[in-house]
Amino acid sequence: MKQYNIAVAGATGAVGEEIFHILEEQNFPIKSVLPLSSARSAGTEITCQGKTYKCVELTEESFKGRDIDIAFFSAGGSISEKYAKYAVEAGAVVIDNTSFFRMDEKVPLVVPEVNPEDIDNWKETGIIANPNCSTIQMVQALKPLEDLYGIKRVDVSTYQATSGAGKSGMEELVNQMKDFFAFKLDESPKEAFEHQIALNVIPDIDKPQPNLYTKEEMKMVNETQKILHKNVAVSATCVRVPILRSHSESITVRFEEGVDVDLDAVRNAFENFENMKVLDDLENNIYPMPIISTDTDLTYVGRIRKDNFENNVLHFFNVADQVRVGAATNAVRIAQKWIEKN
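Bear in mind the structure is a predicted one, so any value in this text is a computation, not a measurement. Every chain's residues receive numbers from 1 upward, in the order its sequence appears when written. Predicted model: local features are reported for residues with pLDDT of at least 70 only, side-chain atom pairs are reported and counted for 80 or more only, and whole-chain, interface and lining totals are derived from all residues. Computation of side-chain values covers all heavy atoms of the structure but excludes hydrogens and water.

### Brief notes about the overall build of the chain
The condition is simple: Every helix listed is a DSSP run of H or I at least four residues long, and every strand listed is a run of E at least two residues long, numbered separately from the N terminus. In this description the radius of gyration comes from C-alpha coordinates, and the expected globular size is given by 2.2 Å times residues to the power 0.38. Exposed residues in this analysis have more than 50% of their type's maximum accessible area, buried residues have under 20%, and partly exposed residues fall in between, with area computed by a 1.4 Å probe over protein chains only.
Scanning the chain from N- to C-terminus turns up eight helices and 14 strands. Radius of gyration (C-alpha) of the chain: 20 Å, near the 20 Å computed for a compact globule of 342 residues. Viewed in the frame of its principal axes, the chain has a C-alpha envelope of about 65 × 55 × 40 Å. When burial is assessed residue by residue, the chain has 51% of its 342 residues classed as buried.

Set out below in structure tokens:
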């Protein structure tokens, strides 16, 4: 099997670290690894598949003469904007985990289980975009439903873990909980989030938009339409909750008029969809939860039920580890599918 030279920009971040774990778990065909980081993290050692590599500062010259095949970018949109083109110019395919390229019409936005055919369009820019974490797990659940009945509208409320804000978000939750038990929560810093996250929920993720939705919510709208190649109506309310890993979503789907939802058909569609697991036994308290999905590469669905008043409406609950499924795992799956196709 051919082996590939891999670069990871943002190698010391939460997603970058997870990419290395998944590359190792998947026994990805690696020839060499180039971990790229800020100047501050340069020299940090990264281990992957039994070999140790030192982080190199990401600059305009980082990719020259290194024969990189695949470059994962997970260091923030401004970094991708500035440096991804140098990786492409050096001959690499860039798999970008940031939001910068997602809505670029020339850049494919890919969830491999949903729209793998879009990977074929990578050559125009040399870049494949990784969707937003909350979008990925939602469209994985929407795709089998779209194939089954045809989706007309989606309403979703998300319950998003602090790791969605990076390491600083997780650290802030842990520190605030420590301060709570030390009876000094009022003194605890609030830097990663605008409000106290411990023992609280914050219905505000990313910047407010003119239409009174947040940027995070509009990502779910616009990205879902691009991935499904359908102008489906989507409305999202995104909420930050005080847990460390795994996003949860409460999803309501309205199908085309005349559809009479068959729950057995829905469960069968979910059960037969790639990388999805059904946990749906309310009587025995079995349903998706963050503690089940964390550190796994599966998207879990449960609480599957038909609407009480309209036959063409379905409700369900959806949970996935957003650092893995919603970012690192999806990026590696894109790379694996790109290798298959090329």
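### Points about the side chain of asparagine 5
Counted only if it meets this: Any N or O atom pair separated by 3.5 Å or less is treated as a polar contact, with the protein-specific requirement of one donor-capable and one acceptor-capable atom, and with residues adjacent in sequence counted only for side-chain atom pairs. We call two residues in contact whenever any of their non-hydrogen atoms come within 4.5 Å of each other.
Mapping asparagine 5 onto the fold places it in strand β1 (residues 4–9). Since its relative accessible area comes to 7%, asparagine 5 is described here as buried. Side chain to side chain, asparagine 5 and serine 32 meet in a polar contact 2.7 Å long. With residues near it in sequence (within four places) discarded, asparagine 5 still touches Lys31, Ser32, Arg66, Asp67, Ile68, Asp69 and Ile70.

### Here's the deal with the sheet that holds strand β10 (residues 233–240)
What counts is decided by this rule: Two strands are counted as paired when DSSP detects at least two bridges linking them. Between the N-to-C directions of two axes lies an angle of 0 to 180 degrees, each axis being a line fitted to C-alpha atoms and, for a helix, fitted only over the stretch in contact.
With respect to topology, six strands assemble into an open sheet ordered β10-β9-β11-β14-β13-β12, the strand pairing being mixed. At either margin of the open sheet sits one strand with a lone partner, and together these are β10 and β12 (276–278). For this sheet the average axis-to-axis angle between neighbouring strands, irrespective of direction, equals 20 degrees. With three bridges joining them, β12 and strand β13 (residues 299–306) adopt parallel strand pairing. Across the sheet, residue methionine 276 finds its bridge partner in β13, namely threonine 299.

### Details of the nonpolar core
Stated precisely, the cut-off is as follows: Among the buried residues, those of types Ala, Val, Leu, Ile, Met, Phe, Trp, Tyr and Cys that are joined through side-chain atoms within 4.5 Å form a nonpolar core.
Ranked by internal contacts, the top residues of the largest apolar core, which has 55 residues, are Phe270 and Phe316. The dominant element in this core, judged by the number of residues it contributes, is helix α3 (residues 133–148), at six residues. In contact with phenylalanine 316, not counting residues within four places along its chain, are Ala141, Leu145, Glu249, Ser250, Ile251, Val253, Phe270, Val301, Gly302, Arg303, Ile304 and Arg305. By size, the runner-up hydrophobic cluster in this structure holds 29 residues, among which are Ile70, Ile119, Ala331 and Ala335.

### With respect to the environment of leucine 228
Relative to the helices and strands, leucine 228 is located in helix α5 (residues 215–228). Among residues more than four places away in sequence, those in contact with leucine 228 are Val114 and Leu142.

### Topic: the pairing of strand β4 (residues 51–54)
Sheet topology places strand β3 (residues 45–48) next to β4; four bridges connect them, and they run antiparallel. Residue pairing across strands places cysteine 48 opposite lysine 51, the latter belonging to β4. Between β3 and β4, which pair antiparallel one after the other, the connecting turn spans two residues, and glutamine 49 there sits at a positive phi close to 50 degrees.

### Focus on the environment of arginine 240
Along the chain, arginine 240 falls in strand β10. Given a relative accessible area of 7%, arginine 240 falls into the buried group. Separated by 77 residues in the primary sequence, arginine 240 and serine 163 have C-alpha atoms spaced 9.9 Å apart. For arginine 240, the contacting residues outside a window of four places in its chain are Gln160, Ala161, Thr162, Gly164, Ala165, Phe193, Ile197, Asn200, Val201, Ile202, Ile205 and His247. There is a polar contact of 2.8 Å between the side chain of arginine 240 and the backbone oxygen of alanine 161.

### Comments concerning the sheet that holds strand β8 (residues 127–129)
Reading across from one edge, β5-β2-β1-β6-β7-β8 is the order of the six strands in this open sheet, with parallel pairing throughout. Edge positions in the sheet fall to β5 (56–57) and β8, since each of these pairs with one other strand and no more. In terms of strand pairing, strand β6 (residues 70–73) meets strand β7 (residues 93–96) through four bridges, oriented parallel. By the bridge assignment for β7, phenylalanine 72 is matched with isoleucine 95. Along the sheet, helix α1 (residues 14–25) contacts β1, β2 (30–37) and β6; its crossing angle with β1, the most-contacted strand, is approximately 155 degrees.

Treat this as a map of the structure, not an account of what it does.
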